[in-house]
Amino acid sequence: MDYHTSLFHDQGISFDRYENIGEKSIFLESLLKKDRIQFFFGLEGKTNLHFGPYIRNIDEQNITFLFNPLQEHIFKIEIQPQTKLITLFIPLEKLHKLFTPEDLPILHNEAIQQKIYQDKLMSQSVLLTLLPLYRIQLNKSIEHTYYYGKMLEVVSLYFSDKEADNISCPFLNDANVLSKIKQAKEVLIQQLKLPPTIAELARMVTIPEYQLKSGFKELYGHTIYGYLLIKKMEQGRKLLDQGSIQVNEVAYDLGYSNPSHFITAFKKQYGLTPKKYLQGK
């Protein structure tokens, strides 16, 4: 399987898909142009951007946005093993004309005179928009239109999504509470099969339940159990992608006593059953 697929290239816009299924990192040389905005969508695994001695990490389900009108940079993109990455490079003027008749926040006169290196969590809507790009098979006659539409959709979602650090919840103004909420998220990820109850989780990170529930929803955009379900389904999809484990085994591995509950949750999350998902790969 080729690690790189050009999805849409036209009028200075480059929309590309990468997947490293090997055991070694793939290194690519790239150029950050003064008039280009660059998006890096890390779906799975990890990507590193090497600017000389400086390294910028793109973790799983994170988005990096780069724009530097002051100077051009040659840099290296390191795609680590078992990584899926989507990139979009687009001229600033083209972005403005394509997506809004009014100025986007980043396009104000004062903003376009300074560099912007921005990271944020990938929303579920962006993730679900990009995932099909790895399994869909299209008639050649409609590829251009389809990928152009996907490109428009994902950038629209990027600018419409609420920033994870755009804090309105008063609890998140306390650095200590914020740290504990992030710690709670890590506990959930580590204990997907047998997660603690909300009361147990609050005790583990030593904050009141109401602070945990309110702050978690504000920071991650989902309730605690909603976030847990999303992570379970993501882990289930990864296990299915390995191709060596049955659907029932995946369900039991995720802590489901009845595989039908996993199948129902998976279909709700991705719009198709695990069996249909495997058939489409």
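Check the entry above for the structure.
The notes below deal with the structure included here. Treat the numbers as computed from the prediction; the structure is a model and nothing was measured. (Residues numbered from 1 in each chain as written. Predicted model: local features only at pLDDT ≥ 70, side-chain atom pairs only at ≥ 80, totals over all residues. Heavy atoms only, no water.)

## Examining the nonpolar core
In step 1: By size, the foremost hydrophobic cluster in this structure holds 44 residues, and its most contacted members are Phe15, Phe39, Phe41, Leu43, Ile86, Leu130 and Phe262.
In step 2: Tallying contributions element by element places helix H3 (residues 140–160) first for this core, with six residues.
In step 3: Those residues within four positions of Ile86 in sequence are excluded, and the remaining contacts are Leu7, Phe15, Asp16, Arg17, Phe39, Phe40, Phe41, Leu43, Leu130, Leu133 and Tyr134.
In step 4: Residues Ile198, Leu201, Leu219 and Ile224 belong to the second largest nonpolar core, which totals 19 residues. (Core = buried A, V, L, I, M, F, W, Y, C linked by side-chain atoms within 4.5 Å. Buried < 20%, exposed > 50% of the residue type's maximum accessible area, 1.4 Å probe, protein only. Helix = DSSP H or I, 4+ residues; strand = E, 2+ residues; numbered from the N terminus. Contact = heavy atoms within 4.5 Å.)

## Observations concerning helix H7 (residues 224–241)
In step 1: Along its 18 residues, H7 runs 26 Å from first to last C-alpha, staying within 8% of the 26 Å computed at 1.5 Å per residue.
In step 2: Those residues of H7 that fall on the buried side of the exposure criterion are Ile224, Tyr227, Leu228, Ile230, Lys231, Lys232, Met233, Glu234, Gly236, Arg237, Leu239 and Leu240.
In step 3: A positive backbone phi angle near 75° is found at Gly243, which sits one or two residues after H7. (Expected span 1.5 Å × (residues − 1).)

## Considerations on the pairing of strand S7 (residues 62–67)
As a general feature of sheets, a regular strand has side chains that alternate between the two faces.
In step 1: Counting buried residues in S7 gives six out of six residues, a clear majority hidden from the surface.
In step 2: In S7, alternate side chains face the same way, and those of Asn62, Thr64 and Leu66 on one face and Ile63, Phe65 and Phe67 on the other are all buried.
In step 3: Relative to S7, strand S4 (residues 36–44) runs antiparallel, the two sharing five bridges. Within the sheet, the bridge partner assigned to Phe40 lies in S7 and is Thr64.
In step 4: Looking at chain direction, S7 and strand S10 (residues 116–121) are connected through six bridges and run antiparallel. (Pairing = 2+ DSSP bridges.)

## Looking at the sheet that holds strand S3 (residues 26–32)
In step 1: Sheet architecture is open: four strands sit in the order S3-S8-S5-S6, paired in antiparallel fashion. Either end of the sheet is taken by a strand with one partner, and the two such strands are S3 and strand S6 (54–58). The average angle at which neighbouring strand axes cross in this sheet is 25°, direction not considered.
In step 2: The sheet contact formed by strand S5 (residues 47–51) and S6 spans five bridges and is antiparallel. Its bridge partner lying in S6, Asn48 is registered against Asn57. (Axes fitted to C-alpha atoms, helices over the stretch in contact; angles between N-to-C directions.)

## A word on the packing of helix H4 (residues 175–190) against helix H6 (residues 209–220)
In step 1: At a minimum axis separation of 10 Å, H4 and H6 run at an interaxial angle of 80°. Here H6 runs roughly perpendicular to H4, going by the angle between their axes. On H6, the residues touching Val177, Leu178, Ile181, Lys182, Ala184, Lys185 and Leu188 of H4 are Gln211, Leu212, Gly215, Phe216, Leu219 and Tyr220.
In step 2: Residue composition of the contact of H4 with H6, by class: nine nonpolar, two polar and two charged. (Parallel < 35°, antiparallel > 145°, perpendicular 65-115°, else oblique. Nonpolar A, V, L, I, M, F, W, Y, C, P; charged D, E, K, R; others polar.)

## Things to note about the pattern of salt bridges
In step 1: Within the structure shown, the criterion is met by eleven salt bridges.
In step 2: Residues Glu44 and Arg237 are paired through a salt bridge, measuring 2.8 Å at the closest nitrogen-oxygen approach. Here the residue Glu44 occupies a position in strand S4, and Arg237 occupies one in helix H7, the gap between them amounting to 193 residues. The pair Glu44 / Arg237 is uniform in exposure class, with both members buried.
In step 3: Ionic contacts of the salt-bridge type, sharing partners, join the residues Glu44, Lys84, Arg237 and Asp241 into one network. (Salt bridge = Lys/Arg side-chain N within 4 Å of Asp/Glu carboxyl O.)

Geometry only, nothing functional implied.
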